[in-house]
Every structure is written in C-alpha cells, then in structure tokens.
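For reference, the chains in residue letters:
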Amino acid sequence: MQPTSIRQQAIRGLARVALAQGDTCQALHHYGELVSKALMGRGSAEHWAYAEYGWLLFQEGNADAGRFQLETALEVLYRQGAHNMEQIAADYHHKLARIYWALDGHYKTEREYCHAHLLDAAAEEGPQQAGAFEWLGHWYREVAKDDVRARKCYQRALALDPTLEGAGTALCKQLQAAPADSTDSSTSCGAQLVMELLQEILIRAPDAQWARARLAKLQLQLGQYDEAVTSHQAAIR
C-alpha cells in the first residue's frame with residue numbers, strides 16, 4: 001500500500017472546494033491535473049483521483065471519458081492496495097456499472113460489463129449495495145427479461161434502503177400487473193399487493209416520500225378519498 005501523497009490530497013481538497021462553490025470546470029481542472037501526468041507516464045496518481053474524476057466526468061455528460069477513468073481507478077486500486085479495499089472496489093464497480101448502463105450497446109447488454117460489475121458491487125456490504133441491487137433489478141427486467149430475478153433484486157434493494165424510489169416504483173409496477181382477483185370487484189390482486197408493500201415501507205421508513213405519494217395516488221384510484229388526502233398531505237410536508 002502506497003503512502004498518501006500530501007500534494008495529491010491538497011489538490012483533491014481544491015477540487016472539492018470548487019465543487020462546493022458550484023465551479024465544476026475548476027474541479028475538473030484540478031482532477032485532470034492529478035491524473036494527467038500519471039496517464040502520460042510521468043508520475044503516479046492514487047486510485048481515488050481517477051474514480052472521482054471519472055464520476056464527475058460522467059455526471060457532466062462525458063460517459064466514455066468517465067468509463068476510462070473508473071476502469072483505471074479499479075486497476076490502480078488493485079495494484080496499489082488500500083485500507084478497506086473491498087469496500088472501495090465495490091463503490092467503483094457500482095459507479096462503473098452505472099456508466100456502462102448509460103453508454104448502452106454492448107456495455108449494457110453483455111454480461112461482462114454492466115451486469116458483472118453490478119454483481120461485484122452487490123456482493124459487498126456497504127452504502128453502494130442497495131443501489132447495486134436496484135440496478136441489477138433494472139438489468140434483469142430490461143435486458144434479460146427476467147421478471148422473477150428483477151423482483152427479487154428490487155425486494156432486496158428495498159430491504160436495504162426503503163427510500164430507493166427507483167426500486168420501489170419498479171416493484172410496484174410489477175405487483176400492479178398481477179392478475180385481478182375475480183372474487184373482489186373493488187380491488188385487484190395487484191393493487192392489494194402494492195398497498196401492502198407501501199404500508200410496510202412506510203412503517204419501516206416514514207421518510208420514504210415516494211411511497212407516501214404513491215400510496216395517496218393508489219388510495220385515490222380505489223376511492224379511499226379520506227385516506228388519500230391524509231397520505232397526500234403527509235407526502236408534501
């Protein structure tokens with residue numbers, strides 16, 4: 001494991017200050033300064049420099065440049081080593097998978113890219129794990145057309161973080177598509193499942209506003225007007 005460079009940490013600090021001030025261009029300049037000499041073989045940069053630079057490039061709309069930097073970040077991380085390396089790598093895998101998804105084409109559909117990195121991210125406990133399961137759900141639903149695995153991934157994501165709107169919305173849509181219960185003319189089987197899910201989510205995470213807003217909409221559709229008003233008022237507080 002290499003010692004942390006004081007100079008690199010100082011430049012990192014300048015980049016973060018620039019971001020806090022809303023100066024993305026200056027932040028990109030500082031991160032570019034960190035990695036440019038290393039990429040030309042005139043020095044070295046730490047793994048986090050490539051990762052933070054790559055993610056910022058991606059957020060600014062340059063997905064392919066972000067991909068290169070995150071791929072480099074993983075290579076450097078495994079070469080240099082680091083404290084909590086597995087956790088750091090999981091975060092990089094998750095971000096790289098998100099970039100592959102955005103790039104579309106073979107990066108999204110072939111298992112060695114987006115799918116493989118999401119699996120690596122989901123395998124490690126940490127703040128990235130819930131999001132990794134959410135995007136695995138998207139991958140199984142949209143790419144593999146495997147609704148069963150997609151549902152399991154969404155359920156796992158919500159078990160880890162009930163506030164994840166993407167996983168929650170996708171799971172609700174899957175449940176809503178369940179066959180109607182012919183013995184109950186007022187409520188479909190799918191609506192009942194969604195109602196139960198949303199109520200469970202709100203018990204576990206009262207601040208899950210996506211669930212409260214969706215519950216209000218469902219209650220309105222079912223004619224539960226008083227309950228819908230209460231849920232709506234709670235959602236906009």
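What you see is a predicted model, and the numbers here were worked out from it, not measured in a lab.

1. Notes on the environment of His47
Alright, step 1. For His47, the position within the fold is in helix 3 (residues 47-59).
Alright, step 2. The exposure class assigned to His47 is buried, which follows from its relative accessible area of 8%.
Alright, step 3. Along the primary structure His47 and Ile99 are separated by 52 residues, whereas in three dimensions their C-alpha atoms are 17 Å apart.
Alright, step 4. Setting aside residues no more than four positions away along its own chain, His47 makes contact with Ala73, Val76, Leu77, Gln80, Ala82, Ile88 and Tyr92.

2. Observations concerning the pattern of salt bridges
Alright, step 1. Summed over the entire model, instances satisfying the criterion amount to 9 salt bridges.
Alright, step 2. Residue Lys95 is joined to Asp91 by a salt bridge in which the shortest nitrogen-to-oxygen separation is 3.3 Å. Note that Lys95 and Asp91 are positioned in helix 5 (residues 85-103) at a spacing of 4 residues, about one turn of the helix.
Alright, step 3. Assessed through its relative accessible area of 24%, Asp91 is described here as partly exposed.
Alright, step 4. Glu142 is paired through a salt bridge with Lys108; the nearest N and O atoms lie 3.8 Å apart. Placement of Glu142 in helix 8 (residues 129-142) and of Lys108 in helix 6 (residues 105-109) is noted, with a sequence separation of 34 residues between them.
Alright, step 5. Look at Lys108 and you get buried, because its relative accessible area is 14%.
Alright, step 6. Salt bridges here are not isolated pairs; linked through shared partners, they connect Arg12, Arg16 and Glu52.

3. Some remarks on helix 8
Alright, step 1. Taking 1.5 Å per residue as the helical rise, helix 8 with its 14 residues ought to reach 20 Å, and the 20 Å between its terminal C-alpha atoms agrees with that figure.
Alright, step 2. Those residues of helix 8 that sit buried are Gln129, Ala130, Gly131, Ala132, Phe133, Glu134, Trp135, Leu136, Gly137, His138, Trp139 and Tyr140.

4. As for helix 10 (residues 165-176)
Alright, step 1. In this model, helix 10 (12 residues) spans 16 Å end to end at C-alpha, consistent with the 16 Å of a helix rising 1.5 Å per residue.
Alright, step 2. Taken together, the buried positions of helix 10 are occupied by Ala167, Gly168, Thr169, Ala170, Leu171, Cys172, Gln174 and Leu175.
Alright, step 3. Looking at the buried positions of helix 10, the neighbouring elements they touch are helix 8, helix 9 (147-160), helix 11 (189-204) and helix 12 (209-221).

5. A look at the packing of helix 8 against helix 9
Alright, step 1. One can describe the packing of helix 8 onto helix 9 by two numbers: an axis separation of 8 Å at closest approach and a directional angle of 165°. Of the possible angle classes, the one that applies to helix 8 and helix 9 is roughly antiparallel. As for how helix 8 packs across helix 9, the hand of that crossing is left-handed. Mapping the contact onto sequence places Gln129, Ala130, Phe133, Glu134, Leu136, Gly137, His138, Tyr140 and Arg141 in helix 8 and Asp147, Arg149, Ala150, Cys153, Tyr154, Arg156, Ala157 and Leu160 in helix 9.
Alright, step 2. Residue composition of the contact of helix 8 with helix 9, by class: 9 nonpolar, 3 polar and 5 charged.

6. What about the confidence of the model for the protein chain?
Alright, step 1. With 92% of its residues at a pLDDT of at least 70, the protein chain reaches an overall mean of 90.
Alright, step 2. Low confidence marks residues 181-186, where pLDDT is under 50. Its contacts with residues over four positions away, or in another chain, come to 4 contacts.

Quick notes on the rules
- Residues numbered from 1 in each chain as written.
- Predicted model: local features only at pLDDT ≥ 70, side-chain atom pairs only at ≥ 80, totals over all residues.
- Heavy atoms only, no water.
- Helix = DSSP H or I, 4+ residues; strand = E, 2+ residues; numbered from the N terminus.
- Buried < 20%, exposed > 50% of the residue type's maximum accessible area, 1.4 Å probe, protein only.
- Contact = heavy atoms within 4.5 Å.
- Salt bridge = Lys/Arg side-chain N within 4 Å of Asp/Glu carboxyl O.
- Expected span 1.5 Å × (residues − 1).
- Axes fitted to C-alpha atoms, helices over the stretch in contact; angles between N-to-C directions.
- Parallel < 35°, antiparallel > 145°, perpendicular 65-115°, else oblique.
- Left-handed = near helix turned anticlockwise from the far one by under 90°.
- Nonpolar A, V, L, I, M, F, W, Y, C, P; charged D, E, K, R; others polar.
- pLDDT = per-residue confidence, 0-100.

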